[in-house]
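Topology and contacts: notes
The chain contents come next:
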Amino acid sequence: MLFRSLNGAPGAIAISGTEVYVGGNFADAAGIAEADFIARWNGASWSALGSDGSGNGALNNAVGAIAISGTDFYVGGFFTNAAGDPEADEIAKWDGSEWSALGSDGSGGGALTSWVAAVATSGTDVYAGGFFSNAAGIATADRIARYEDGSRSEEHTSELQSRETISYAVFC
């Protein structure tokens, strides 16, 4: 019954208490116009997580990753401008009442430039992995990055066993 209300495939699921958060490639979960690509199931009914202000969901494309830390909920995927925020591209935070961006590129766009496939949290840090490059405008920050709520920024580069270079950046 839970997933019969979706008209497309779930791509990510996270649980907080008794609530199930589902992201994926679907629109209008349970017939709710604002429940596009992300929705919450409370055990009895579906609900949307915000909107774009014109009657549609806050996200405009698929969600592939979800992470929860306390009352904050993070999603990654293919979307841009979450809830109309021009800096909330590919990754965004839901605080229970509104969406917000995680960093920026310094030019008014989002910190990440392409699909986010994985999101994880550790304390107040949020990690994103995906097909992006130059996270937050840092030239060597490709494919994996850490968001830190603060004012400092640093970067590190390491080599994987496959000999592919992967970069790790802290962006604020």
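Residues numbered from 1 in each chain as written. Predicted model: local features only at pLDDT ≥ 70, side-chain atom pairs only at ≥ 80, totals over all residues. Heavy atoms only, no water.

With that out of the way, let us pick up the overall build of the chain. A count of helical and extended segments in the chain gives zero helices and 13 strands. Helices (α) and strands (β) of the chain occur, in sequence order from the N terminus, as β-β-β-β-β-β-β-β-β-β-β-β-β. Counting all 172 residues of the chain, 41% fall into the buried class. Partitioning the contacts of the chain with sequence separation of at least 6, the portion at a separation of at least 24 is 31%. On the chain, roughly 8200 Å² of surface is accessible, and the fraction owed to carbon and sulfur atoms is 46%. (Helix = DSSP H or I, 4+ residues; strand = E, 2+ residues; numbered from the N terminus. Buried < 20%, exposed > 50% of the residue type's maximum accessible area, 1.4 Å probe, protein only. Contact = heavy atoms within 4.5 Å. Areas by Shrake-Rupley, 256 points an atom, 1.4 Å probe, with all protein chains shown as cover.)

On to the packing of aromatic side chains, then. Applying the stated rule across the entire model yields six aromatic pairs. The interplanar angle of 55 degrees and the centroid separation of 5.4 Å between the aromatic rings of Trp41 and Trp46 together place this pair among those described as tilted. Accessibility assignment for this pair places Trp41 and Trp46 in one class, buried. Chaining the aromatic ring pairs together yields one cluster made of Tyr21, Phe73, Trp94 and Trp99. (Phe/Tyr/Trp six-rings, centres within 6.5 Å; stacked < 30°, edge-to-face > 60°.)

A separate point is the nonpolar core. Within the largest apolar cluster, 19 residues are counted, with the highest numbers of intra-cluster contacts made by Ile38, Leu59, Ile66, Phe73, Val75 and Trp99. Elements with a contribution of two residues or more to this core: strand E1 (10-16), strand E5 (63-69), strand E6 (72-77), strand E7 (91-94) and strand E8 (99-101). In this view, Leu59 contacts Asp36, Phe37, Ile38, Val75, Phe79, Ala82 and Trp99; residues no more than four positions away in its chain are not counted. (Core = buried A, V, L, I, M, F, W, Y, C linked by side-chain atoms within 4.5 Å.)

Within a beta sheet, neighbouring strands are joined by backbone hydrogen bonds and run either parallel or antiparallel to one another. Pairing is antiparallel across the open sheet formed by four strands, whose spatial order is E5-E6-E7-E8. The strands lining the two open edges of the sheet, one partner per strand, are E5 and E8. The sheet shows a mean angle of 30 degrees between the axes of neighbouring strands, taken without regard to direction. Sheet topology places E5 next to E6; six bridges connect them, and they run antiparallel. (Pairing = 2+ DSSP bridges. Axes fitted to C-alpha atoms, helices over the stretch in contact; angles between N-to-C directions.)

Mean pLDDT over the chain stands at 83; residues scoring 70 or higher make up 84%. Throughout residues 150-172 the model reports pLDDT below 50, and contacts reaching past four residues in sequence, or to other chains, amount to 57 contacts. (pLDDT = per-residue confidence, 0-100.)

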